[in-house]
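Here's the letter readout for the chains.
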Amino acid sequence: QVQLVESGGGLVQAGDSLRLSCAASGRTISSNVMGWFRQAPGSEREVVAGISWSGGRTYYADSAKGRFTISRDNAKNTVTLQMNSLKAEDTAVYYCAVRRLGEPWGSVGSTSSYGYWGQGTQVTVSS
């Protein structure tokens, strides 16, 4: 059992930056791939970024490449999403998720491969 708590969301203007944090408790997540997802009202949940257990491999959705950076600190049991140059279309609830062990990296963007989810944090970008 693991609990995830996201923080750092808020209301910002286009072009601003936000840093989202995900704190895990209950057990270590150092062996798990971690992901950030987002869901806007009326839209399906979509992957934003993923990171391997060691942090050596990362994945970004096309919409996030060049603007967002995912990182992790296994010693602190945390995952971070640095978001720069925010756009209005980035407005969504952002979720941190723990991927199940043994899932192939190639499907890191598959929501069904993640077993634990945080409550989400709202990011609103005004233009």
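Scroll up to find the structure this text is about.
Counting of residues starts from 1 at the beginning of each chain's written sequence and follows it residue by residue. Residues qualify for local features only when their pLDDT is at least 70, as the model is predicted, and side-chain atom pairs are given and counted only at 80 or more; totals for whole chains, interfaces and linings, by contrast, use all residues. Only hydrogens and water are set aside; all other atoms, that is, all heavy atoms of the structure, feed into the side-chain values.

**Section: the state of the cysteines**
Working step 1: What counts as a disulfide here is a pair of cysteine sulfur atoms lying within 2.5 Å. Within the structure shown, the criterion is met by 1 disulfide.
Working step 2: In this model C22 forms its disulfide with C96; the gap between the sulfur atoms is 2.1 Å. With the S-S bond torsion at -75°, the cross-link from C22 to C96 turns out left-handed. A residue pair is termed long-range when its members are at least 10 positions apart, and C22 in strand β3 (residues 18-25) and C96 in strand β9 (residues 92-99) qualify at 74 residues. Note on accessibility: C22 and C96 belong to one class, buried. Under the scheme used here, helices are H or I runs from DSSP no shorter than 4 residues and strands are E runs no shorter than 2 residues, and both carry numbers assigned from the N terminus. Under the scheme applied here, a residue whose accessible area is under 20% of the maximum for its type counts as buried, over 50% as exposed, and between as partly exposed, the area being computed with a 1.4 Å probe on protein chains only.

**Observations regarding the environment of S7**
Working step 1: On the secondary structure map, S7 appears in strand β1 (residues 3-7).
Working step 2: Owing to a relative accessible area of 38%, S7 belongs among the partly exposed residues under this scheme.
Working step 3: As a C-alpha pair, S7 and Y94 span 87 residues in sequence and 9.5 Å in three-dimensional space.
Working step 4: A contact between two residues is defined here by any heavy atoms of the two lying within 4.5 Å. Not counting residues up to four positions away in its chain, the partners in contact with S7 are R19, L20, S21 and T121.

**Regarding the sheet that holds β1**
Working step 1: Reading across the sheet, the 4 strands line up as β1-β3-β8-β7 and stay open at both edges, with antiparallel pairing between neighbours. In this open sheet, the two strands that pair with only one neighbour each are β1 and β7 (68-73). When the angles between neighbouring strand axes are averaged without regard to direction, this sheet yields 15°.
Working step 2: Note: β3 against strand β8 (residues 78-83), 6 bridges, orientation antiparallel. Bridged to C22 within β8 is V79. When DSSP finds two or more bridges between two strands, those strands count as paired. Lines fitted to the C-alpha atoms define the axes, with helices restricted to the stretch that makes contact. Angles between their N-to-C directions range from 0 to 180 degrees.

**Some words on the side chain of T80**
Working step 1: With respect to the helices, strands and loops of the structure, T80 is situated in strand β8.
Working step 2: Using a relative accessible area of 11% as the deciding quantity, one classes T80 as buried.
Working step 3: When residues no more than four places from it in sequence are discounted, the contact partners of T80 are R19, L20, S21, W36, T69, I70 and S71.

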